[in-house]
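Understanding the architecture of this molecule
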Amino acid sequence: MAQKSNEWHLRDPDAVLSMLDTDKFNGLTPKQVQKRRYRDGKNKVWHVRHSSATEYAMKSLGDLTSVLLVIAALTAAVFEKSTIAASVCTVLVLGILFRVVTYVRVRRVLERMADEGIPNATVIRGGVSSVIRADAIVEGDIIVLSAGDTVPCDGRIVQGDEIRVSEQGITE
């Protein structure tokens, strides 16, 4: 999330809540959530730019196999072997078509897996505790953690009783 200073962790909890314009017990209002989501976007660790199927097809034309097939087709055409040239062009087009179809399918599977891997988080908004997806968290949300929960984003501990942290998933 878009914190301007990296020294917020040194401030006392009330100062952090004040900086983030957040109420400790009621959390953010729906209007605040909407403004922050518009300003900061989704709570994602990274953004991957996906190329379209057309862009991928154009990139595929530049790989070594495609270039060799184009050269073979041109050579066959120069030596008046039109049947061979047509066959090589067909292989080239089918190869690119299969690559693009595979690329689109793999991208869908990976996106679905990434989407399923997003943890849920319990937040307090408008004085009500609710469970949301971690990518819906905005700067200033009050997150409630219980034993065994995954911390869904960077944060500042405001209050806690007997806190123990296991970094096992990180350090393995």
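The structure this text deals with has already been given above.
This report concerns the structure included in the present document.

Conventions adopted
- Residues numbered from 1 in each chain as written.
- Predicted model: local features only at pLDDT ≥ 70, side-chain atom pairs only at ≥ 80, totals over all residues.
- Heavy atoms only, no water.
- Helix = DSSP H or I, 4+ residues; strand = E, 2+ residues; numbered from the N terminus.
- Contact = heavy atoms within 4.5 Å.
- Salt bridge = Lys/Arg side-chain N within 4 Å of Asp/Glu carboxyl O.
- Patch = residues over 30% accessible without salt bridge, like charges linked within 9 Å, V, L, I, M, F, W, Y side chains within 5 Å.
- Areas by Shrake-Rupley, 256 points an atom, 1.4 Å probe, with all protein chains shown as cover.
- Buried < 20%, exposed > 50% of the residue type's maximum accessible area, 1.4 Å probe, protein only.
- Expected span 1.5 Å × (residues − 1).
- Pairing = 2+ DSSP bridges.
- Axes fitted to C-alpha atoms, helices over the stretch in contact; angles between N-to-C directions.

Describing the side chain of Arg 36
- Structurally, Arg 36 can be placed in helix 2 (residues 30-40).
- Arg 36 has contacts with Leu 20, Asp 21, Thr 22, Leu 28, Gly 41, Val 138, Glu 139 and Gly 140, leaving out every residue within four places of it along the chain.

Describing the pattern of salt bridges
- Applying the stated criterion across every chain, the model contains five salt bridges.
- Here Arg 39 makes a salt bridge to Glu 139, at a shortest N to O gap of 2.9 Å. Residue Arg 39 is found in helix 2, and its partner Glu 139 is found in the loop between strand 2 (128-133) and strand 3 (142-144); the two are separated by 100 residues along the sequence.
- When salt bridges that share partners are traced, they join Arg 39, Asp 40 and Glu 139 into one network.

Some remarks on a nonpolar patch on the surface
- A surface patch of nonpolar side chains, about 380 Å² in accessible area, is lined by Leu 64, Val 67, Leu 68 and Ile 71.
- Within the secondary structure layout, Ile 71 lies in helix 4 (residues 64-78).
- By relative accessible area, Ile 71 is classed as partly exposed at 47%.

Re helix 5 (residues 82-116)
- With 35 residues, helix 5 should cover 51 Å at 1.5 Å per step; its first-to-last C-alpha distance of 51 Å lies within 8% of that length.
- All buried positions along helix 5 are accounted for by Ala 85, Val 88, Leu 92, Ile 96, Val 100, Tyr 103 and Val 104.

Points about the pairing of strand 2
- Looking at chain direction, strand 1 (residues 120-125) and strand 2 are connected through six bridges and run antiparallel. The residue of strand 2 that forms the bridge with Asn 120 is Arg 133.
- In sequence, strand 1 turns back onto strand 2 through a hairpin of two residues, with Gly 126 there showing a positive phi of about 60°.

Overview of the sheet that holds strand 1
- As summarised here, the arrangement of the three strands in space is 2-1-3, forming an open sheet in which the pairing is antiparallel. Looking along the sheet, the strands with just one partner apiece sit at the ends: strand 2 and strand 3. Each strand axis lies, on average, 45° off the axis of its neighbour in the sheet, ignoring direction.
- Of the strand pairs in this sheet, strand 1 and strand 3 are connected by three bridges, and their pairing is antiparallel. Among the inter-strand pairings, Ile 124 is bridged to a residue of strand 3, identified as Ile 142.

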